[in-house]
Every structure is written in C-alpha cells, then in structure tokens.
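Each chain is listed here by its residues.
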Amino acid sequence: MALSDSVTTCLSQSVHYAICKLGFEKKDTYDINNILSGNGEVCWQAVTEHVCYLESDQSVDYMKSIRLLGPVCESVNLYFKSLTKEQFVIQYASWFHWTNCTEVFLEVFDVLQRTQATEVALGLMKLTSCLERALGDVYLLKGIDCPFLLRDLLASEQLADVFGQAVMNVLRVFIGSPYGLNLRNVLWHGFASPEEIPAKYCAMLLFLTAGLGQLLQTYLLQTERVLVHRPYVLFISLEELDAFPDLNNETLSIAEELVKLSSFVLKTMLPFWIAALTAFKQSRYADCVILLLPQLEVGLRLLFTTTNKCPNRLLTAESSALYTTFDEMLAKHLDNEEVNQLPVVLEEPAMASDFLWDFLNHQEGPRIRDRLSHGEINLETFPREVANQIVGFAITILCRFSDEDMFSLKEHMAIKPLMNCASCYRSRFHPISRLKKQVLECMKSIYLWPELPKVPEEQVQTIKGLEGNSEANTLIFTISEIISQLQHYMPQNCCSSDDPINSVLTERLLMELCDTRICTLYSPRPVLEVVVVLRKISTQCHQVSQQVIASAGLRYTQWVNKTLRSRQRHNYLRMLNSIKFLSPVLKLILVLITLELISVHSVCKKNPFDYQQYLKFLKSVLQYTENLVTYTSPEKNKWDETMELTKKALIKIRKISDRKLMLMHLA
C-alpha cells in the first residue's frame, strides 16, 4: 500500500482537536439576536465577551476562546442558512464594499447554503485572502509599510486603533495566530482535508468581515478619511510563463484518471484535486490554482518527509515550531545541515525545483502562491495561461509518481508533450536567467543603431580630433586585440580574419553563448554576487543604447528643421562619429558579461577562489558604464569625454584580461 493511502490526516493531534472538536464541546444553543442588532449590525461587545484571557499576562487564551465561540459560530451558520440570497444581499452586501471583493463574499454565502466540504474550504481560502488584503489597506490609513505576514498584520497597533484590540483578538482566534485555529495557514499550506474544516467557521468569518465593515464606516466618518485600495498585481509578459502546451479536454480527462491512481495524491485530499481540474474545465482559473497549489505542497511534503526520514514533519507543526513549507522543501540543506534528499527522488531535480522556484519563489517571477494567498491578484481576471502551467506541471508530477501498470496513461499521446516539456525546462526567473535575457535585449537595442536617421555622409564634415586620426585607429586595434584574446573561449568559426570585430560581436554569438546550459539550482554565493554586478553593467549598457537612440532621433529632426545652433550641430556630428566606435565597445562588454557568467559558474563548481579581486575588475567595468550613462545623457551630451573614457576603459580591460583569462582557464 502506498504511503499516501495510509495517511488519514495531516493535522497533528492537538491541531485536529482544536479545529474539529474543541468548538463543538459546548452544546449550548446561542441566540443569534444577542450579537445582532435590530437592523442587522454586529453587536461587537457581545462577540468579544466570548474571548478569554490568561490571568498570567492577559494574553488571549485561545483554547478557551475557541470552546466558547463554538456555539456562536454555529448560531451564525444557521442564521445565514435561514436567509435567502436576496435577503443577504440587501442586509450585508454594502458591508463588504470595503474589501473591494464584494462578489467573493457573496459567493461564500452561496457556498454555505450548499455545505459541500470542498467548496467551503475553497471559499474560506478566498475569503481569508481578500480579507487580508483589505485589512492591509486599512493598515495603510495609519501605517507606512504593511506587514507581509497576516499574523503580524492582525497584531499591529494600527488595526487595533481602527477596530479596537478586542475585535482584533476575536479575529486572531480564527486566523493569523499559530495558537488559535489558524484556518488560513492550515488550508493554504495543504494540511487540512475538506472534511476537516467546519462550515460554521467559514460562516463566522463572513459575519465578522461584515462587522468590520460596519466599524470601518464609523471610523472613516469620524476621521473624514478615505480608504484607498492598492492596485492588484498584474501578470505581464505571459509568454515568459509558457512552459507547457495548452491543455485540452482529452489531457484533462487523463489527468483525472492519474489523480485517482498516483501515489503523489493523499486519498483524503482527492476531492481537492478533482475540484481543481473541474474548475479549470469551467474556466474558473483562480479557483483551480488556489485548490491545486496546497495539494502540490502536501504531496511534495509527503515525499520530503519520507526521503529525509522525518515523518513527523508531515503533520502541522505545533505553535512552537515551523511548518514544513515549499521554502524548506526546495532548499539544498535541511535545518540540521544535512543534504535535502527530495531533489534526488524527483529524478529531474532541476526541472521540478526550477519550475517551483520560478513560479513560487524567485522575486522576479510571478510568485503565484504568495500573491494569491495574500490577496494581491484579482481573482476574476486570473489568466488561463498561468493556470495552464500549474496544471501542466502537476500532471507531470502525477505521472512521475504513478505505478508501472499505468504505463499506457503516461505514454498517451496527450501526455508525452507535457513530459517532454518538463524534461527540458530551464529557469526563467533565476538571476542568471534574467541576466541572459537582459544581455540579449540590450544587444537587440544596439543593433538598431545602424537604422537610426542621420544626415547624409556628404553633409558630415570630418571632426578634428576624432575621425581619421590615430586615436580612432587605436580604439579599433584595442577592441580587435581583446577579441583575439577571448576567441579561445568562444564557439568555433565565429571570427573572420578580415573583419574580427563585426564577425565576432554579433547577436548570433550572444544567443549561442546565452544558450549555454548553466545549472541555476543552488547557485553558490560567489556566483550570485558576480551576477548582481553583471546585471548592473548590462542595465547601464542598455540605458546608454536607449539614450543614443533617443538623442539621434531628436537631433536629426532638429537638423532637418534647421533649429540647431552652430555648437549643437557640431556636437551632433561628434555624436554620429562617436557611436560608430561606441557600438562595438558595448557589444564587446555584452560578450564579456556572458563569458564571465559561464566561467565564474564553472570555476565555483570545481573549486573556491578569491572572487573579491575578481569583483574589483567587474566593478571597474560597471563604473565605466555608469559614467557612460552620464556622459551620453541628453543633459550632458559629452561625446569627446565619452570617447576619452572609452579609450581608458579598453586599456584597463586589456591589461586585466590576462588575469581574467586565468579564471577562464580554471573553468
């Protein structure tokens, strides 16, 4: 029997007791009219009196509070069930406007009428996400930087000032505190199965959210303040997320079979998987991903705890310990410094870990789980493209952990393209990957220079001190010399002896170099520090290119319209001559950046080295590009100084190249 079959709960004994039993021990029937005024408003004093406090330090006694609030929650649940949708909308819809997600809360009311366990859990996840975002907006009425963690947000003085400390303590019994029910975390991290979340707690949070809206309205009227909602995070460049082909109904039908048979799926969690696939087919893409991400986490946690021989970590941690979450499961080492064995079990560790890091963790990636769970994304407009990638990845994991007798399903023509895409996946949002993207974008920008509008050659007078003199020839010679030194580390047949500069410094060469496979998983610290500097250099080069393009266009228009003064015309012609030499210099720097990246990564894999000296060289190149940005800006427009600066920089690069080439030899 698979281990996933033997697991009956992922809640520890004490957490299971708190969520599933404690709030049901007090059998009293609570009169809903005690906490509802005649016009349907929440009587907060009657609610807060059910929160108990420890005699020792007057902090919340969560266990006693859960027990006392249990009958209140049941009464609220029954009260909502007694209302029609029209009655609920008339009575409560306006009190949810402060959340900027009124429709989500009305949808939760519908869910409570059906009392289908999976829907209740999904509704609670969406409710807590939207509530957290709204509370963050309220926090910003008084504070500056909104806390990232719900726990810290609910414990803040700012929210206590608006709603009252007693009210915030009621909320903390249900969400945000590891000592309370902690419903948000046990659901979003995949610990609770559908049947382990009582519907009455979802009803109570719906009720409390309306009550918060009533309190907030009073506060805003008294203070004459206006609640401003932060804009949602938008997914841009969706094509960058395109790892798996578009999923059709045939693929999804096979996925439904895999879910029932894969050892990756805990049987108690099966309803979540089925609901996620159903949501995708119904174009409810946010629902699909909200349901699926916790299941990927709990499935990987099962593998993590099994392979690392720490089965106790499968369960929810007690309040004194940490959950085993994605961050720890994707780390190179365990907290005891032993090597994490999960990547080995995944067989394609780079693929699975790179994908998860890309979509969940990397700062420049979509960070889907964080943004969904903290309410930063508009659920109604969640893109299909993102959901398609998460479902596609999940299907490959299901296949990886399926029995051999499911060979026909895994080899199905609808599944094989997914497996092929998974096997060749490369990180898109690791700093190394972003550096490669930056370099290529910068090169494309520089390649636009020859197409820039410029005055006819016959109108361009020779500029004394630059064109046709020995300094210009020296620049070309120095560039050619550096290229010659670097040729051993470039692909073969990329250089012509007749024209070494134009035959080497090409977009094709950069694309070939950037296509070099570099393992981004667990990059050593020296590599990451070097990458930071290389990215800064690339950014400055791109800025120079954009400034040149903008200045060339503007000055040409002014030239044609004859609006340039004599000195400006002279400076414009100097710019046209300067960019002829600046173009190969910037291309050379981009090639250097890419070679540096490849070499430093290879060296760090083999043996440590004193990279501080190496960083000094890179920072000197960075200093040059920063000065270049200043001199080529529209405000400065100093082209003579630009060429003098470039000459000195090339001499330094050539002098240091011998030392740097030693690094490449080590690689």
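Residues numbered from 1 in each chain as written. Predicted model: local features only at pLDDT ≥ 70, side-chain atom pairs only at ≥ 80, totals over all residues. Heavy atoms only, no water.

Taking an unreviewed UniProt entry as the reference, the protein is identified by name as EMARD protein belonging to Orthonyx spaldingii.

K.L.:
Which residues make up the overall build of the protein, and what are the values?
P.N.:
Looking only at helices and strands, the protein has 30 helices and zero strands in total. Within the protein, buried positions represent 56% of all 667 residues. (Helix = DSSP H or I, 4+ residues; strand = E, 2+ residues; numbered from the N terminus. Buried < 20%, exposed > 50% of the residue type's maximum accessible area, 1.4 Å probe, protein only.)

K.L.:
Give me the packing of aromatic side chains: which residues, what numbers.
P.N.:
Evaluation of the coordinates by the stated rule reveals 21 aromatic pairs. Residues F88 and F109 carry aromatic rings whose centres are separated by 4.1 Å and whose planes lie at 10° to one another, so their mutual orientation is stacked. Here F88, found in helix α5 (residues 85-92), pairs with F109, found in helix α6 (residues 102-114); they are 21 residues apart in sequence, far enough to count as distant. With relative accessibility at 0%, the residue F88 sits in the buried group. Among the residues examined, F109 registers a relative accessible area of 1% and is labelled buried. Look at W559 and Y572: their rings are 5.7 Å apart centre to centre, the planes differ by 55°, and that puts the pair in the tilted class. Linking W559 in helix α27 (residues 525-560) with Y572 in helix α28 (residues 566-606), this pair joins segments that are 13 residues apart in sequence. Following the ring pairs from residue to residue traces out a cluster consisting of Y79, F80, F88, Y92, F96, F105, F109 and F207. Here the basic side chain of R400 rests over the ring of F401, its NZ or CZ set 4.5 Å away from the ring centre. (Phe/Tyr/Trp six-rings, centres within 6.5 Å; stacked < 30°, edge-to-face > 60°. Lys NZ or Arg CZ within 6 Å of the ring centre and 35° of its normal.)

K.L.:
A description of the nonpolar core should follow, citing residues and the corresponding values.
P.N.:
Ranked by internal contacts, the top residues of the largest apolar core, which has 160 residues, are F80, Y92, F174 and F382. The residue makeup of this core includes at least three contributed by each of domain 1 (13-223) and domain 2 (238-424). With sequence-adjacent residues up to four places away left out, Y92 is seen in contact with L36, G40, Y79, F80, L83, F207 and A210. Counting residues in each nonpolar core, the second largest holds 69 residues, with L534, V544, V585 and V621 among its members. (Core = buried A, V, L, I, M, F, W, Y, C linked by side-chain atoms within 4.5 Å. Domains from an automatic or database assignment. Contact = heavy atoms within 4.5 Å.)

K.L.:
Give me the lowdown on helix α2 (residues 13-20), citing residues and values where you can.
P.N.:
Among all positions of α2, only V15, A18 and I19 are buried. For α2, the angular spread of the buried residues around the axis is 90°, confining them to a single face. The inward-facing, buried residues of α2 abut α4 (62-82), α11 (183-188) and α12 (199-223). (Arc of directions from axis to C-beta.)

K.L.:
So what's going on with the packing of helix α23 (residues 431-446) against α27? Which residues, and what values?
P.N.:
Packing of α23 against α27 leaves a shortest axis separation of 9 Å and a crossing angle of 20°. Taken as axis vectors, α23 and α27 run roughly parallel relative to one another. As α23 packs across α27, the resulting crossing turns out to be left-handed. On α27, the residues that touch P431, I432, R434, L435, Q438, V439, E441, C442, S445 and I446 of α23 are V527, V531, L534, R535, S538, T539, C541, H542, S545, Q546 and I549. Partitioning the contact of α23 with α27 into residue classes produces eleven nonpolar, seven polar and three charged. (Axes fitted to C-alpha atoms, helices over the stretch in contact; angles between N-to-C directions. Parallel < 35°, antiparallel > 145°, perpendicular 65-115°, else oblique. Left-handed = near helix turned anticlockwise from the far one by under 90°. Nonpolar A, V, L, I, M, F, W, Y, C, P; charged D, E, K, R; others polar.)

K.L.:
Go over the side chain of H50, please, and point to the residues and values.
P.N.:
As for its placement among the helices and strands, H50 is situated in the loop between α3 (44-48) and α4. The class of H50 is buried, set by a relative accessible area of 10%. The contact partners of H50, leaving out residues within four places of it in the chain, are Y30, S65, L68, L69 and V72.

K.L.:
Hey, could you go over the pattern of salt bridges for me, with residue numbers and the actual values?
P.N.:
For the structure on display, the rule yields 28 salt bridges. A salt bridge links D287 to R284; the nearest nitrogen and oxygen atoms lie 2.6 Å apart. Classification of D287 by relative accessible area gives buried; the value is 7%. (Salt bridge = Lys/Arg side-chain N within 4 Å of Asp/Glu carboxyl O.)

K.L.:
For unusual backbone geometry, give the residues involved together with the corresponding values.
P.N.:
Located in the positive-phi region is E224, a residue other than glycine, with phi close to 55°. On the basis of relative accessibility, which here comes to 72%, the residue E224 falls in the exposed class. Positive phi values are uncommon outside glycine, yet Y522 reaches one of about 60°. Along the polypeptide, Y522 turns up in the loop between α26 (507-514) and α27.

K.L.:
So what's going on with helix α10 (residues 165-174)? Which residues, and what values?
P.N.:
Of all ten residues making up α10, seven are buried, and the element is well covered by its neighbours. Residues V167, M168, N169, V170, L171, V173 and F174 constitute the buried set of α10. Just beyond α10, the residue with positive phi is G176, at close to 90°.

K.L.:
Please give an account of the environment of C130 that cites residues and values.
P.N.:
Note on placement: C130 falls in helix α7 (residues 117-139). Note on C130: relative accessible area 3%, which makes it buried. The spacing of C130 and L379 is 249 residues in sequence and 9.4 Å in space, taken between C-alpha atoms. Dropping the residues within four chain positions of it, C130 is found in contact with C101, V104, F105 and L379.

K.L.:
If you had to explain the packing of helix α13 (residues 249-261) against helix α20 (residues 384-400) to someone new, which residues and values would you point to?
P.N.:
Interhelical geometry of α13 versus α20 gives an angle of 45° and a closest axis separation of 10 Å. The orientation of α13 relative to α20 falls into the category oblique. Crossing geometry of α13 relative to α20 is assigned as left-handed. Here T251, L252, A255, L258 and V259 of α13 lie close against α20, whose contacting residues are V391, I395, L398 and C399. By residue class, the composition of the contact of α13 with α20 is eight nonpolar, one polar and no charged.

K.L.:
Give me the lowdown on the side chain of S427, citing residues and values where you can.
P.N.:
Within the element layout of this structure, S427 appears in the loop between α22 (416-423) and α23. In this structure the side chain of S427 is engaged in a polar contact, spanning 2.8 Å, whose partner is the side chain of D358. Within polar-contact distance, the side chain of S427 engages the backbone nitrogen of H430 at 3.2 Å. With residues up to four places along the chain from it excluded, the contact list for S427 reads D354, D358, H362, S433 and T520. (Polar contact = N/O pair within 3.5 Å; in protein donor to acceptor, adjacent residues only side chain to side chain.)

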